[in-house]
Amino acid sequence: MRSDGATEPQGRLLCAWQLAVLRFAVTRDNTDRMQVLAMAGELDRSGGAADGTFHFFRRTTSDLCVAITGNDADAEAIVRRFEAQIENPRLRRAFEAAIAKDRTPPTIVSSRTRPGRDLWRGLAPRRATAR
């Protein structure tokens, strides 16, 4: 899955496929799964045999999607193998974060002021204007 020997368009398509896998890992949405599988089919057509018997990316994508959703006994090994093959460090870290089992959702800060403090203290009061 490395793009060392790939041509420029294939390298871009491979990167787009990896980003699509990341998107599915984050959203776990069926639409994103279908998008990844479509890209995998395109990669198989562009790099495979003329008779269409090359199914590496479709098979890999199918295995990855099942592993990401956690419905496979070998899920951890499949995901880690894919993760190790991602060359881009930022993409690899993003993928690691997306699949982390112990990830906690970010906390939303509702207010930056301390409770009980008047936000408008020190400002002149509004005056009603007549029009």
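Preceding this section is the structure that the text describes.
On a predicted model such as this, the values are computed, not experimentally measured, just so you know. (Residues numbered from 1 in each chain as written. Predicted model: local features only at pLDDT ≥ 70, side-chain atom pairs only at ≥ 80, totals over all residues. Heavy atoms only, no water.)

**Student:** Describe in detail helix H4 (residues 75-84), supporting the description with residues and values.
**Tutor:** Within the sequence span of H4, burial applies to Ala75, Ile78, Val79, Phe82 and Glu83. Along the long axis of H4, the arc covered by the buried residues comes to 135°, so they all point the same way. (Buried < 20%, exposed > 50% of the residue type's maximum accessible area, 1.4 Å probe, protein only. Helix = DSSP H or I, 4+ residues; strand = E, 2+ residues; numbered from the N terminus. Arc of directions from axis to C-beta.)

**Student:** Would you mind going over the pattern of salt bridges in detail, with residue names and values included?
**Tutor:** Tallied over the full model, the rule gives five salt bridges. Across the salt bridge formed by Arg23 and Asp32, the nearest N and O atoms sit 2.8 Å from each other. For Glu83, the salt bridge goes to Arg80, with nearest N and O atoms at 2.5 Å. Here Glu83 pairs with Arg80, and both are found in helix H4, just three residues apart, close to one helical turn. For Glu83, a relative accessible area of 9% puts it in the buried group. One network of salt bridges, with partners in common, ties together Glu76, Arg80 and Glu83. (Salt bridge = Lys/Arg side-chain N within 4 Å of Asp/Glu carboxyl O.)

**Student:** Provide a residue-level description of the side chain of Thr61, including the pertinent values.
**Tutor:** You can see Thr61 is positioned in helix H3 (residues 56-68). Every residue in contact with Thr61, bar those within four places of it in the chain, is listed here: Trp17, Val36, Leu37 and Ala40. (Contact = heavy atoms within 4.5 Å.)

**Student:** Let's hear about the nonpolar core: which residues, and what values?
**Tutor:** By size, the foremost hydrophobic cluster in this structure holds 25 residues, and its most contacted members are Trp17, Val21, Ile68, Phe82 and Phe95. Of all the elements in the fold, those that place two or more residues in this core are helix H1 (8-27), helix H2 (30-47), H3, H4 and helix H5 (89-99). Examining the composition of this core, we find that seven residues originate from one element, H1, more than from any other. Not counting residues within four places of it along the chain, the set of residues in contact with Ile68 comprises Val21, Phe24, Ala25, Arg28, Val79, Phe95 and Ile99. (Core = buried A, V, L, I, M, F, W, Y, C linked by side-chain atoms within 4.5 Å.)

**Student:** Could you give me a rundown of the packing of aromatic side chains, with the residues and numbers involved?
**Tutor:** Here the structure, examined in full by the defined rule, presents four aromatic pairs. Taken together, Trp17, Phe56, Phe57, Phe82 and Phe95 form an aromatic cluster joined through their ring pairs. (Phe/Tyr/Trp six-rings, centres within 6.5 Å; stacked < 30°, edge-to-face > 60°.)

**Student:** If you had to explain the environment of Leu64 to someone new, which residues and values would you point to?
**Tutor:** On the secondary structure map, Leu64 appears in helix H3. Residue Leu64 is classed as buried on the basis of its relative accessible area, which comes to 2%. Distance from Leu64 to Val79, taken between C-alpha atoms, is 6.4 Å for residues 15 residues apart in sequence. Ignoring anything within four residues of it in the chain, the contact list for Leu64 reads Val21, Ile78, Val79 and Phe82.

**Student:** So, the packing of H2 against H3: which residues are in play, and what are the values?
**Tutor:** It is the contact of H2 with H3, at a shortest axis distance of 7 Å, that shows an interaxial angle of 155°. With respect to their mutual orientation, H2 and H3 come out roughly antiparallel. The interaxial crossing formed by H2 with H3 has right-handed handedness. Facing Arg33, Val36, Leu37, Ala40, Gly41, Leu43 and Asp44 of H2, the residues of H3 in contact are Phe56, Phe57, Arg58, Thr61, Ser62, Cys65 and Val66. (Axes fitted to C-alpha atoms, helices over the stretch in contact; angles between N-to-C directions. Parallel < 35°, antiparallel > 145°, perpendicular 65-115°, else oblique. Left-handed = near helix turned anticlockwise from the far one by under 90°.)

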